[in-house]
There are 2 protein chains.
Amino acid sequence: VHVTGSTKADNYNRIPSPGEIALTPGAAYVHCTTNNTIEGTEWSSLPAAGDAPLVADASSDIFSRPIDVRRFGLIYAGAQKNLGPSGVTLVIVHNDLLARSSKSLPTMLNYKVMAENNSLYNTPNTFGIYILGLTMKWVKSIGGLAAVAETNDRKAGKLYAELDRTGFYRGTAEKASRSRMNVTFRLASEDLEKKFEKEATAAGLDGLKGHRSVGGMRASIYNAFPEAGVDALVQFMREFERTNG
Amino acid sequence: VHVTGSTKADNYNRIPSPGEIALTPGAAYVHCTTNNTIEGTEWSSLPAAGDAPLVADASSDIFSRPIDVRRFGLIYAGAQKNLGPSGVTLVIVHNDLLARSSKSLPTMLNYKVMAENNSLYNTPNTFGIYILGLTMKWVKSIGGLAAVAETNDRKAGKLYAELDRTGFYRGTAEKASRSRMNVTFRLASEDLEKKFEKEATAAGLDGLKGHRSVGGMRASIYNAFPEAGVDALVQFMREFERTNG
C-alpha cells in the first residue's frame, strides 16, 4: 500500500487537497473512502486516479446523492447506512476489473463468480436483499437520488448553520470537507459535552456521542433520518446554548 | 482433494459403509456433509476420521438432534435450514484448528480473526443473528435438542412408514441412510409425479418437487416444519393413492 495523501497531521479534519495527493505511477488501483463517519469528512468531488481505476468504499454515503459510476472501477458499500440492514454489501464493478479476478480468491470473495451467477452463487442474505429492494423503491418514490441529495443538503445545511451561528458549538471538520452524513462537533469542555449528550438523550435525541476514538459529538443523519429530527436537534441545541451559554 | 468414499455408482442413494471409506494417511482433515438435501440421505453416525480432524458441513441437519461436538474439528452450517434466515453461518471450531489459520486468508474468511473479536470484527448480519437467537430460545423452550430430535424422528418416521406401506410410493434412499430432514420419493411415472405435485400444491402442500438435478418428490421437514403438516401430507398421500392407485 502506498499512501497517496493523508491529513493525519491535522487529525484528519479535512480531505487532502489535489496538490497534496501524489499518485503512484503504475498503481493497480487508487482507493478512497468517500465519507469518513468518524471525523465527519466527505469528498465533495472525487480524487483524480490517473490511469489507475478508482476503487471506493462508499458505505456511508452511497445513494445520498447521484454519482457518476463511470468514474469508478469498483464501488463497494455495506448496506447498513443508506441501503438497508447490515449483512449485505453492494458492489458495482467494471467488467475490466472482473476479468482480472484472481483464481486464487476464495469463491465467496470472487466478484467474477458472483457476477457470472447473477449474485446468486450461494444462498445469500435474502431478508437483507429484500429490504434493500424496498429501500430502492422508496428512494424512487420520493423522486430518486436527486431528491434525496436535496434533502440531505438541506438537513446537513441546517445543522452546520447552527454550528456556525455563535461559536458555542464548534464543527470539527474544515468547511470544505464537511460530511453531509455525519456532522461532528465539540462544545467548550468534555463536561459540557457529557451534559449535552445526557440532556439530548433525555429529550429523545439519541446516539449523539462521537466515535469513541475521537470523542465529541456526532449527528449521523443518513437517508433514513427524517428532516424533522434535524429540526428537533437544532431546536434542542439552541435551547441548550441559551441555558448553558 | 482425495475422495475417501463415494456411492456415486448407486446415484448417491446411500451413505458409504465404513468398509467403503479409505482414509488418506496424513490428511489435513476429513470432510463430510452430515445430511444430503438432494438425495435425502444422512449420516446416522459419524464417519471415522482417523488422526485427522473431522470437518462437517452440517447446514441441513444442525440442531435437528444433539451432536457430540468433541468429535469434530470444525462444524459449519448455513443458518437457512434449522437456525434462522439465510445470510448467517454458524461455525464451531476447535482451538487447535484456529491456531492453524493461514495469515494469507482474507480477513472476512479467517475464523481466527472472528474468534479473537467475539464474532464482531465487522458489522455482521444483525437481523439474522437476532432471529437465530430467537430460534435458539425457542429450541430451549420446547425442551432442547433432545425434544427436537424426538419430534424429528416421529415426523420422518410417519412419512417413511407411508412410503413403505404399499409400494405405491418408493423412497429413493436406502433405509439405513434415510434423512430425517429431506424425505425423497418417487411415484410410478413422471406423469403421476406431476399430478401428485399439482394436486398437493392445490391442497396447500407446497414445495414437494424434488431438486431439479434428480427429479421426483421431496418433503423437506426441517425443525420449523410442524408435525401437523406431516400428518396432512400423509393424509393427502393416502387419498392420492386411493384415487390413483
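Coordinates for the structure precede this section.
Here we summarise the structure given alongside this text. Not measured: the values here are computed from a predicted model.

Reading the values: rules and limits
Residues numbered from 1 in each chain as written. Chains lettered and ligands numbered in written order. Predicted model: local features only at pLDDT ≥ 70, side-chain atom pairs only at ≥ 80, totals over all residues. Heavy atoms only, no water. Helix = DSSP H or I, 4+ residues; strand = E, 2+ residues; numbered from the N terminus. Buried < 20%, exposed > 50% of the residue type's maximum accessible area, 1.4 Å probe, protein only. Least-squares fit on C-alpha atoms with pLDDT ≥ 70 in both. Contact = heavy atoms within 4.5 Å. Phe/Tyr/Trp six-rings, centres within 6.5 Å; stacked < 30°, edge-to-face > 60°.

### Observations concerning unusual backbone geometry
Residue and element names in this part refer to chain A. With a phi angle near 55 degrees, Asn11 is a residue other than glycine that sits in the positive phi range. With respect to the secondary-structure elements, Asn11 resides in the segment before strand S1 (30–33). Overall, the relative accessible area of 58% leaves Asn11 in the exposed class.

### Digging into the relation of the copies chain A and chain B
Of the transformation superimposing chain A on chain B, the axial component is 0.0 Å and the angular component is 180 degrees, with the fit at an RMSD of 0.0 Å. Such a combination of rotation and displacement between the chain copies is what one expects of a two-fold axis. Scanning chain A for the C-alpha nearest the rotation axis identifies Gly87 of chain A, at a separation of 3.5 Å. Both copies present the same face, since 100% of the interface residues in chain A are matched by interface residues at the equivalent positions in chain B.

### Focus on the packing of aromatic side chains
Residues and elements named next belong to chain B. Summed over all chains, the structure comprises 17 aromatic pairs over all chains. With centroids separated by 5.7 Å and ring planes inclined at 70 degrees, the aromatic side chains of Tyr169 and Phe196 adopt a geometry described as edge-to-face. With Tyr169 in the loop between helix H4 (144–166) and strand S7 (170–171) and Phe196 in helix H5 (residues 190–202), this residue pair connects regions lying 27 residues apart in the sequence. Phe196 matches Tyr169 in its accessibility class, with the two residues each being buried. Pairing Phe196 with Phe236 gives two aromatic rings, centres 5.3 Å apart and planes at 65 degrees, and the pair type is edge-to-face. Placement of the pair is Phe196 in helix H5 and Phe236 in helix H6 (residues 227–244), with a sequence separation of 40 residues. Look at Phe196 and you get buried, because its relative accessible area is 0%. Residue classification places Phe236 among the buried positions, given a relative accessible area of 13%.

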